[in-house]
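Here's the letter readout for the chains.
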Amino acid sequence: MPRPRKRTEIFALGNEAVVEGALLAGCSFFGGYPITPSSEIMEIMAARLPRLEGGVFMQMEDEIASMGAVIGASLSGRKAMTATSGPGFSLMQENLGYAVMAETPMVLVNVMRGGPSTGLPTSPAQGDVQQARWGTHGDHPIIVLSASNVQECLDMTITAFNMAEKYRTPVILLLDEVTSHTREKIEIPNEGEYEVFSRTVPSMPPEWYKPYEETVRGVPPMPPLGSGYRFHVTGLTHDRNGFPTQRPEEVVELMERIHRKIDQFFYDIQIVEEIMTEDCDVCVIAYGSVARSAELAVQQARSHGVKAGLLKLMTLFPYPRRQTEKILAHAKTLVVPEMNMGQMSREVKRVNMGHAAVRTINRVDGQIVTPSEIFKVIMQG
Amino acid sequence: MSNITGNEIIHQYLRHNKKFPHVLCAGCGHGIVLGTLIRSIHSLGIPKDDVVVVAGIGCSGRLAVYVDFNTVHTTHGRALSFATGIKMSNSHLHVIALMGDGDALSIGGNHLIHAARRNIGVTAMILNNSIYGMTGGQSSPATPEGSTTMTNPYGQLDHSFDIVELARGAGANYVARGTVFHVNQLEKIMVEALERPGFSLVEAVTPCHTQFGRKNKYKTPVDMYKWLKSTAIPLERYNELPEDKRAGRMPIGVFVDRGRPGYEERYYAMQENFLKQAAKGAGR
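The text that follows walks through the structure, step by step, so that each part is easy to find. (Residues numbered from 1 in each chain as written. Chains lettered and ligands numbered in written order. Predicted model: local features only at pLDDT ≥ 70, side-chain atom pairs only at ≥ 80, totals over all residues. Heavy atoms only, no water.)

1. Re the interface of chain A and chain B
Working step 1: The interface of chain A with chain B comprises 45 residues on the first partner and 40 residues on the second.
Working step 2: Between chain A and chain B the total buried area reaches about 3400 Å² when both faces are included, carbon and sulfur atoms providing 55% of it.
Working step 3: When the buried area of chain A at its contact with chain B is split by residue, Glu61(A), Arg230(A) and Phe243(A) rank highest and sum to 20% of it.
Working step 4: Applying the counting rule to chain A against chain B returns 4 salt bridges.
Working step 5: Where Glu94(A) meets Arg78(B), a salt bridge forms, and the shortest distance between an N and an O atom there is 3.7 Å.
Working step 6: Our count for the chain A to chain B interface comes out at 21 residue pairs in polar contact (both at pLDDT 80 or more).
Working step 7: Secondary-structure elements contributing two or more residues to the side of chain A that touches chain B are strand E3 (56–59), helix H3 (63–75), helix H4 (86–101) and strand E9 (232–234) of chain A.
Working step 8: In terms of residue count, the dominant contributor to the side of chain A that touches chain B is H3(A) (8 residues).
Working step 9: As defined by bridge partners, E9(A) adjoins strand E2 (residues 70–73) of chain B across 3 bridges and the pair is classed as parallel. Its bridge partner being in E2(B), His232(A) is matched across the sheet by Thr71(B). (Contact = heavy atoms within 4.5 Å. Buried area = accessible area lost by both parts, 1.4 Å probe. Salt bridge = Lys/Arg side-chain N within 4 Å of Asp/Glu carboxyl O. Polar contact = N/O pair within 3.5 Å; in protein donor to acceptor, adjacent residues only side chain to side chain. Helix = DSSP H or I, 4+ residues; strand = E, 2+ residues; numbered from the N terminus. Pairing = 2+ DSSP bridges.)

Written out as structure tokens, the structure is:
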């Protein structure tokens with residue numbers, strides 16, 4: 001048996017790790033518009049992609065165009081991504097909805113910054129959680145992931161691409177400024193050590209192909225433009241052939257399928273890390289950089305004899321309901337610290353339905369949530 | 001080929017499995033533009049699989065549904081950004097962006113000037129009917145000054161955009177204007193636009209009697225086509241006219257033909273260099 005190759009270790013910024021992850025996942029198109037604190041992702045892509053065979057980097061005229069170009073690239077068969085922050089994310093929402101409707105795989109990284117509006121550029125915040133869920137118009141499913149350290153930035157970017165391809169949907173990776181601007185040692189996995197999933201392409205002859213046909217997984221195969229499968233792509237509600245329709249039965253079929261293809265795979269999609277949650281009385285539910293503060297606070301509480309645990313959310317939407325309910329069987333208190341006025345605690349309260357006390361810790365002053373703040377609340381029980 | 005009629009050519013390119021009839025009003029010029037596009041693609045012998053028609057929103061946006069190419073019906077004003085991603089991803093495709101005047105000049109104005117500046121290898125076709133047709137007849141950036149629409153019942157105060165001058169200024173490689181009354185010329189322009197590298201823009205002036213003509217003394221389609229006939233004048237003849245005779249006339253023809261390489265050509269040449277260098281480095 002050959003000895004496993006030693007992994008490359010690099011000292012990287014969170015934003016840099018996102019690029020590494022994207023390239024490992026097979027990303028070959030980046031279209032973006034600079035905005036802090038996400039700009040390094042774009043800058044590193046600008047240096048890397050043109051040197052890779054077939055890699056395309058484009059600085060577009062604005063965020064709207066960036067999303068358009070990324071969707072165009074994805075329809076042409078590429079794994080494509082963009083990165084942005086707060087105000088840019090708002091501009092991308094219309095075309096994000098298009099990507100949902102036209103079932104176009106893509107990855108959108110949003111490094112959150114303080115808001116509303118221009119807000120607190122380059123200050124940490126987690127104010128775009130509900131925007132990620134409901135920012136575009138209409139009822140739609142969406143996958144939103146997050147990362148709390150630099151290694152996770154790499155890993156979750158690969159996961160984001162895999163989910164986008166697997167479920168033919170845009171995937172949002174929500175980071176906060178602390179994670180994306182932290183520099184840490186990370187390991188770059190060797191080829192074969194991680195899964196790379198690419199979209200299913202049709203195997204039937206072109207004249208049989210229906211671009212939005214029902215399949216077992218609810219995800220139709222997707223050929224690249226120009227490959228002989230000529231079909232119509234639209235943001236309008238469409239029938240199985242991709243043509244616009246307003247017939248109620250066809251509208252309902254489409255809407256149900258795009259929801260079902262995400263909802264039925266929550267075992268695959270909902271990723272969490274459970275730290276000392278088996279017996280906890282007090283459970284902290286956190287994500288992003290706040291989860292790091294929370295982990296330390298939980299350890300401190302344990303050393304003081306309090307049964308504390310941490311449910312670290314790496315998937316924010318669809319909300320990991322199953323994992324939360326498991327903890328509700330024994331936890332008396334849930335603590336939800338976040339850098340916003342309570343966007344994820346809404347979800348927690350929804351799932352909790354009065355089982356446990358929910359305590360929130362909210363910071364919107366552009367400062368990080370410290371371990372001692374969380375520790376104090378845990379100790380109050 | 002000579003005994004094949006125009007209709008027979010067009011039938012080869014229509015989607016017979018699509019739920020016809022189409023959405024266009026009787027007398028609308030959009031069908032003529034689509035026919036021109038199909039005949040020019042046919043005469044160049046471009047395979048259907050190599051054509052991507054990217055359309056915006058509105059009456060012109062719906063044209064993509066009917067033709068048997070790779071077709072993408074995008075968000076309002078964003079056709080050129082989608083087209084840019086498609087062209088850069090697969091540069092051998094003929095990417096054609098169909099846009100209306102409101103679509104391309106108002107909400108899509110920024111994308112238009114930057115696609116022209118970048119000289120991306122896309123053929124853009126602006127179907128200029130001076131109005132937002134499908135939305136119900138509101139004024140567009142191409143609505144002539146003084147005319148009446150749903151959103152300026154007291155007459156349009158804004159100046160009308162000159163699409164040709166805008167595209168020329170922004171750096172488009174090929175810019176031409178034709179009308180649906182002058183079909184043969186429009187087809188000739190379209191063929192040239194498809195052949196040119198870089199960003200080509202064709203303004204096709206097409207009448208909307210339903211939303212525009214009705215409120216502006218052109219009650220029937222015939223009135224609108226007569227208006228096109230009397231207003232349009234070949235560019236060469238227009239240039240010979242004395243200043244005072246030019247008012248109210250619309251020059252048609254080829255305005256810009258620069259022959260510069262497209263963005264994708266320059267990008268992939270740069271990439272080739274990198275890859276060569278890397279191969280040399282690896283060889284040592």
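2. Describing the packing of aromatic side chains
Two numbers describe a pair of aromatic rings. These are the distance of the centres and the angle of the planes.
Working step 1: All chains considered together, the criterion is met by 10 aromatic pairs over all chains.
Working step 2: Seen in terms of ring centroids, Tyr209(A) and Tyr229(A) are 5.3 Å apart; in terms of plane orientation they differ by 80°. Their pairing is edge-to-face. Residue Tyr209(A) is found in the loop between strand E8 (183–188) and E9, and its partner Tyr229(A) is found in the loop between E8 and E9; the two are separated by 20 residues along the sequence. Residue Tyr209(A) shares its accessibility class with Tyr229(A), and that shared class is buried.
Working step 3: Both rings, one in Tyr263(B) and one in Tyr267(B), keep their centres 6.4 Å apart while their planes meet at 25°; by these two values the pair is stacked. With Tyr263(B) and Tyr267(B) both in helix H12 (residues 263–283) and 4 residues apart, this pair spans about one turn of that helix. (Phe/Tyr/Trp six-rings, centres within 6.5 Å; stacked < 30°, edge-to-face > 60°. Buried < 20%, exposed > 50% of the residue type's maximum accessible area, 1.4 Å probe, protein only.)

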